[in-house]
Structure formats: structure tokens, C-alpha cells
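Here's the letter readout for the chains.
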Amino acid sequence: MGRTNEKRSSGANKEGICIGGHFNLDLIRVINEWPEEQKLCFITAEETGNGGGAYNTLKDLANMQTPFPLEAIGVVGDDAYGKQIVIDCKDSKIGVSKLLVVSGEATSYTNVFTVKNTGKRTFFHQPGTNKLVDLPHFDFTNNNCKHFHLAYLPMLERLSELGPDGSNKGAEVMKRAKVAGMRTSMDLVVCPTPTPTFMADVVTPALPYTDVLVMNMAECEMLTRVCIPKAADGAVPYLALVACQQVLALGVQQAVVLHFPQGCISVSKDQEPIVQGTLAVPDGYVAGSDGAGDAFAAGLLLGWHKDAPWEECLKLAVAASCASLSHVTCSNGVPSETGCLELASKFGYMPLVCLKSDSSSVEIGENACISPRHR
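These remarks concern the structure in this document.

Parameters at a glance
Residues numbered from 1 in each chain as written. Predicted model: local features only at pLDDT ≥ 70, side-chain atom pairs only at ≥ 80, totals over all residues. Heavy atoms only, no water. Helix = DSSP H or I, 4+ residues; strand = E, 2+ residues; numbered from the N terminus. Contact = heavy atoms within 4.5 Å. Areas by Shrake-Rupley, 256 points an atom, 1.4 Å probe, with all protein chains shown as cover. Lys, Arg positive; Asp, Glu negative; His and termini not counted. Charge placed at Lys NZ, Arg CZ, Asp CG, Glu CD. Core = buried A, V, L, I, M, F, W, Y, C linked by side-chain atoms within 4.5 Å. Buried < 20%, exposed > 50% of the residue type's maximum accessible area, 1.4 Å probe, protein only. Expected span 1.5 Å × (residues − 1). Arc of directions from axis to C-beta. Polar contact = N/O pair within 3.5 Å; in protein donor to acceptor, adjacent residues only side chain to side chain. Pairing = 2+ DSSP bridges. Axes fitted to C-alpha atoms, helices over the stretch in contact; angles between N-to-C directions. Salt bridge = Lys/Arg side-chain N within 4 Å of Asp/Glu carboxyl O.

Details of the overall build of the protein
The helix and strand tally for the protein stands at 10 helices and 16 strands. Summarising the internal contacts of the protein: among those between residues at least 6 apart in sequence, 72% fall at separations of at least 24. Entry remark: accessible area of the protein is about 16,200 Å², with carbon and sulfur atoms responsible for 50%. Each charge class in the protein was averaged separately, 31 positive and 40 negative side chains, and the resulting centres sit 5 Å apart.

As C-alpha cells, then:
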């Protein structure tokens, strides 16, 4: 079933996902190794693709052939990169009526260097027009989308700036979305911070207006300042569960979803944690991990929008994330929703357990977990 950008007139019939925030182009260079300072390495491949949390997630959803409207909110420049982003969104049937084009500021871009043998990435980022994203751009009057997703608040200068009351415009954006009757979610990013508490200072005010928060281990550590051991041997560290519970206590309305290479864990207020292992992809499968977290968010949002059981949302999320690993760009490896699920059937899901505080473990199987209640 093809997607349409037709609007629905009543709140009861809301559909579609509106995603705002970070838009840039990724200039990707695959290199043979990461060099020491003043040393040389070889570029073995080059690609240009979508970048930034909002742009990536929208492109992933478009690639997954979502049967509902997709809308972009952000700022790009009136330059070659900005025009490329707008054209790409239009070609992908992503609504651009709120993707503002401005003159006098360069479109944001990121030089991404991916090591061929490891898939590890290093980013050199030009903020550009993302510095201009501001509260007036988020006018949800007459918005008919069912869901609003914000990415990445810590890198949106005007939205993240704290006021005298300790809050920021990012919190107001999330509040506006809730008042407009939308479900809300937010994704984070690791970025340079002026203070050790920057992530918590910026993100916490928005959490009471956030239904679901999505983050990876590094982002979780920056937010909670809890040092989490790496997940290994099919086990989620107990401190990962503790950190998620801490974030939930800060005001997240429904669930905190933490993802990592081995899978993910979802923690909600009144239900047992849900643990989902990643796909058992073969050696040599990973071409690059750029955008894998955004693909995870896209799979989660697609399942959630369809009101699928939360366990199924997590399965689709890890499948989409693994699909993205097959290509060096953020989104070119992501197929349709059916393609993602076929990939899961092909490779299967890895077993994953959640460690208890006493270092023993209890496996949370797919038939034993209880999903949070999403309204």
C-alpha cells in the first residue's frame, strides 16, 4: 500500500509522523585505517547521503514504505546541499512545507570517516543551518500527524539553550506536540559538551512531555552519568537497567528504550523490562554503522504508529538497525518493512538476558515479557 500525504481532519483519525530537528548531508569516506596525527591513510570509497537524526529517521521510514504521511521540520540553506536535501525529501514523498530554506547560512554537513575493517566512525561536523532551528518553526496548529519525534535536541543550539528557569525551548516544543494531541518521542546524540551535566541539563526539562525516549549506551551515560559496562556474552548489564530506571524517574511518560550492538532493553513504569536481542548477522556483513541508531528509531516508530505490541516494535527496530549496517550510508541499506522482517527471518534473533544485581541472570523471552501500555 503506497503512502499518501493526504491530511485527516479529525483528531480521532490522526495519522502520520512528523519529525523535527537535525538535517545535514553526510560526506562519507571509507578509509583503510584510522591514522595517527600527521600520518596518512587511504580513502577506499566515497558516498554522499542523508545525515542528522530527523533526516535519517524520515528517510528510513520512507524506505520502509510506511503507509502514512511523513513530515519534516527543520532548516536548510539556499545552497547546493540544501537543495539536494529538499529534492531528496520530495522524491521520498516526505512533506517539506515546514522544512525552511534560508539564505546567508550554509546547510549543515558532516564529514564521516568509516574504517573499512571495523565499521567504526568518526565525525567532523559543520552545524550550519541547524543552529537556526527555533521554537517558531514548531507550529502544530492544524497538524494532523499522530506522532512527533525530535532529534537531536543536544545539537540544536537555540532549542537547547537554558533559560533563567532552567528549562529550554526544546521542552516547549515537546509540550506543544503533546497539547496538539500527538504521541511524542525523542532521540539523543553524543556531542561535545561544555559541562559534565550538559546532557542532563538540556534533556531533562523535555522529559515530562516525552512518551518514549530512545538512546544508546554512550548517550545514556552522558545523561545519567552512570558508567555502564559494555554488554557482552548476550547479557544486558544491570547498571543499564538502573540507568533506564533513573531516566524514567525524571519524567518520561511511558518508556525508556536503550539500544546497543547486542540488542535493546525497554523499561517502563509499571511493567517488567523487555529485552530484545539483535540479529545474528554473519561476519563481514557490516559495511558501516553510521545511522544505525536512527534506523532503530524508525523501526520503533513504525511499529508504534501501527499500534503493534511493544515486543514487535522492538523486533522491527533491531531488524531495521541491522539492515542499515549493510551500507556505509545512513539509510541506503534500509529496505521495506517486509524486507526488514525477512532479514530477521533469515538471520534470526540473538538470545539476550538481563543481569540481576547479584550478577545472576534471568532471561526475558519473547513470550514472557509484558509490553508497556501506549495510549
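Focus: the nonpolar core
The biggest cluster of nonpolar side chains holds 52 residues, and the ones touching the most others in it are Phe23, Leu300 and Trp310. In terms of residues, this core owes the most to one element, helix H9 (residues 310–324), which gives 10 residues. Filtering out sequence-adjacent residues up to four positions away, leucine 300 remains in contact with Val212, Val214, Val257, Trp310, Cys313, Leu314 and Ala317. If you look at the next biggest cluster of nonpolar residues, it comprises 51 residues, including Phe140, Val173, Met199 and Val202.

Re helix H2 (residues 80–91)
The first and last C-alpha atoms of H2 sit 16 Å apart over 12 residues, in line with the 16 Å expected at 1.5 Å per residue. Every buried residue of H2 is accounted for by Gly82, Ile85, Val86 and Cys89. Seen end-on, H2 carries its buried residues on one side only, within an arc spanning 95°. In H2, the exposed positions that point more than 90 degrees away from the buried face belong to Ala80, Ile87 and Asp91. Tucked inside the fold, the buried residues of H2 contact strand S2 (24–31), helix H1 (53–63), strand S4 (70–77) and strand S5 (95–102). Backbone geometry just after H2 places lysine 93 at a positive phi near 60°.

Regarding the side chain of histidine 305
Summarising the element assignment, histidine 305 is placed in helix H8 (residues 292–305). Residue histidine 305 is classed as buried on the basis of its relative accessible area of 8%.

Overview of the environment of aspartate 134
Relative to the assigned elements, aspartate 134 resides in the loop between strand S7 (121–126) and strand S8 (147–151). It is 9.2 Å that separates the C-alpha atoms of aspartate 134 and glycine 21, two residues lying 113 residues apart in sequence. If we ignore the near neighbours within four places in the chain, the residues touching aspartate 134 are Arg158, Leu159 and Lys169. Reaching out from aspartate 134, the side chain makes a polar contact with the side chain of lysine 169 at a distance of 3.0 Å.

Structural notes on the sheet that holds S4
Spatial strand order, S5-S4-S1-S8-S9-S10-S12-S13-S14: nine strands in an open sheet with mixed pairing. Looking at the sheet topology across the chains shown, the edges are occupied by S5 and strand S14 (274–277). Going across the sheet, the axis of each strand differs from the next one's by a mean of 15°, ignoring polarity. Here three bridges tie strand S9 (residues 183–187) to strand S10 (residues 212–216), and the two strands are oriented parallel to one another. Bridging across to S10, methionine 186 finds its partner in leucine 213. Along the sheet, H8 makes contact with strand S1 (17–21), S8, S9, S10, strand S12 (255–260) and strand S13 (263–268), crossing S9 at roughly 170°.

So, the environment of proline 261
Assignment of secondary structure puts proline 261 in the loop between S12 and S13. Owing to a relative accessible area of 70%, proline 261 belongs among the exposed residues under this scheme. In sequence terms proline 261 and cysteine 322 are 61 residues apart; their C-alpha atoms lie 9.1 Å from each other.

Some details on the pattern of salt bridges
Following the criterion strictly, the structure yields 11 salt bridges and no others. For arginine 29, the salt bridge goes to glutamate 46, with nearest N and O atoms at 3.3 Å. Note that arginine 29 is positioned in strand S2 and glutamate 46 in strand S3 (residues 43–51), a separation of 17 residues in sequence. On the basis of relative accessible area, arginine 29 is assigned to the buried category, the value being 19%. The salt bridge involving arginine 183 is made with aspartate 307; its shortest N-O contact spans 2.5 Å. Residue arginine 183 is found in strand S9, and its partner aspartate 307 is found in the loop between H8 and H9; the two are separated by 124 residues along the sequence. Here aspartate 307 falls in the partly exposed class, since its relative accessible area comes to 47%.

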